[in-house]
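Each chain is listed here by its residues.
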Amino acid sequence: MMQNERMSILFVCLGNICRSPLAEGVFRDIVEAHGAQERFFVDSAGTGNWHQGKPPDRRSVDVAGRHGIDLTGLRARQVTHQDFERFDLLLGMDSDNVATLAALAPPGRRGRLAQFHEFSTGVPRDVPDPYYGNEDGFEAVYRMIRASAGSGKTFQLTNRFIRLLLSGQAPE
């Protein structure tokens, strides 16, 4: 990544219809609130292809909408090998997502992988998949993502990661 380029972050969950679109929307909201949208390219994907091309789960869209975040333009997609070259940071929403990403990552690219909550807060914790639950589960996941991303630590850590990339010290 060169100094004039944007930091690219990919949020990853299982199907790319619940957690990762919420994380993408929340992070975009935080970045925009800081006036830093020009510094980031943000996307989301799933490790599976079951929902490819479909919009986020209605419950994710509804929860995000109640908090002023629009997810209606997003469409699910599966992680590709190109994502490991395209993105500076790939954040799995749970340890299984990170393990799948690690198995897919080309040699020398595993240093760009992290678990979302651990990267954000320093505490390893899965963001639970709300898919088989009710709307309350989606609200709880939204609050967890917002608290983690909105703690300021994600923003600070992302800026630190940018500085490491620029200095050549970040793991490839």
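This is a predicted model, so every value here is computed, not measured.

Visitor: Please explain the environment of His81 as it appears in this structure.
Guide: Looking at the secondary structure, you find His81 in the loop between helix H2 (58–66) and helix H3 (83–86). Residues His81 and Leu104 lie 23 residues apart in sequence; the distance between their C-alpha atoms is 7.4 Å.

Visitor: What's the story with helix H4 (residues 95–104) in this structure? I'm lost.
Guide: Since the α-helix turns once every 3.6 residues, residues separated by three or four places project in the same direction. Within H4, burial applies to Asn97, Val98 and Leu101. Down the axis of H4, the smallest arc covering the buried residues is 100°, so these residues share one side. Exposed positions of H4 whose direction lies more than 90 degrees from the buried face are Asp96 and Ala103. The elements touched by buried residues of H4 are strand S1 (7–13), helix H1 (19–33), H3, strand S3 (89–92) and strand S4 (113–115). Between the side-chain oxygen at the start of H4 and the backbone nitrogen of Asp96 there is a gap of 3.0 Å, and the oxygen is on Asp94.

Visitor: Can you help me understand the confidence of the model for the protein in this one?
Guide: Keep in mind that low pLDDT regions are not for reading the predicted coordinates in detail. Per-residue confidence for the protein gives a mean pLDDT of 87; residues scoring 70 or more make up 84%. H2 holds the highest mean pLDDT among the elements of the protein, 98, whereas helix H7 (residues 153–167) holds the lowest, 54.

Visitor: Mind showing me how you'd approach the layout of surface pockets here?
Guide: To find leftover empty space, a probe the size of one water molecule is rolled over the atoms. The volume enclosed by the largest pocket comes to roughly 160 Å³. Along its surface, the largest pocket is lined by Cys13, Leu14, Gly15, Asn16, Ile17, Cys18, Arg19, Trp50, His51, Asp129, Tyr131 and Tyr132. Residue classes in the lining of the largest pocket are distributed as 7 nonpolar, 3 polar and 2 charged.

Visitor: What is the right way to look at the sheet that holds S1 in this model?
Guide: The strands that make up a sheet pair up through hydrogen bonds in the backbone, lying either parallel or antiparallel. Reading across the sheet, the 4 strands line up as S2-S1-S3-S4 and stay open at both edges, with parallel pairing between neighbours. Sheet topology places strand S2 (40–46) and S4 at the edges, where each strand pairs with a single neighbour. Sheet twist, expressed as the mean angle between neighbouring strand axes with direction ignored, is 25°. Bridging between S1 and S3 involves 4 bridges; their strand directions are parallel. Along S3, the bridge assignment pairs Leu10 with Leu90. Contacting S1 and S2, H1 runs over the sheet at an angle of about 170° to S2. With respect to the sheet, H4 is in contact with S1, S3 and S4, its orientation differing from that of S4 by roughly 170°.

Visitor: Help me understand the pattern of salt bridges in this model?
Guide: If charged atoms from side chains of opposite charge come close, those side chains can pair. As enumerated under the stated definition, the model contains 14 salt bridges in all. The partner of Asp129 in a salt bridge is Arg19, with the nearest N and O atoms 3.8 Å apart. In this pair, Asp129 sits in the loop between helix H5 (116–121) and helix H6 (135–150) while Arg19 sits in helix H1, placing the two residues 110 residues apart along the sequence. Accessibility expressed as a relative area gives 39% for Asp129, which makes it partly exposed. The exposure class assigned to Arg19 is buried, which follows from its relative accessible area of 2%. The partner of Arg109 in a salt bridge is Glu85, and the shortest N-O contact between them spans 2.7 Å.

Visitor: Would you take a moment to explain the nonpolar core for this structure?
Guide: The nonpolar side chains of soluble globular proteins are, as a tendency, buried together. Among the nonpolar cores identified, the biggest contains 34 residues, and Ile9, Phe11, Phe40, Leu91, Phe116 and Ile145 are the most heavily contacted of them. Secondary-structure elements contributing two or more residues to this core are S1, H1, S2, H2, S3, H5 and H6. Here Phe11 is in contact with Ser20, Ala23, Glu24, Phe27, Val42, Asp43, Ser44, Ala45, Leu91 and Phe116, once residues within four sequence places are set aside.

Conventions used here
- Residues numbered from 1 in each chain as written.
- Predicted model: local features only at pLDDT ≥ 70, side-chain atom pairs only at ≥ 80, totals over all residues.
- Heavy atoms only, no water.
- Helix = DSSP H or I, 4+ residues; strand = E, 2+ residues; numbered from the N terminus.
- Buried < 20%, exposed > 50% of the residue type's maximum accessible area, 1.4 Å probe, protein only.
- Arc of directions from axis to C-beta.
- Contact = heavy atoms within 4.5 Å.
- Polar contact = N/O pair within 3.5 Å; in protein donor to acceptor, adjacent residues only side chain to side chain.
- pLDDT = per-residue confidence, 0-100.
- 1 Å grid on protein atoms, 1.4 Å probe; cavity = no way out; pocket = protein on both sides within 12 Å on 5 of 7 lines; lining within 4 Å.
- Points joined across faces, edges and corners; volume = space filled by probe spheres on them.
- Nonpolar A, V, L, I, M, F, W, Y, C, P; charged D, E, K, R; others polar.
- Pairing = 2+ DSSP bridges.
- Axes fitted to C-alpha atoms, helices over the stretch in contact; angles between N-to-C directions.
- Salt bridge = Lys/Arg side-chain N within 4 Å of Asp/Glu carboxyl O.
- Core = buried A, V, L, I, M, F, W, Y, C linked by side-chain atoms within 4.5 Å.

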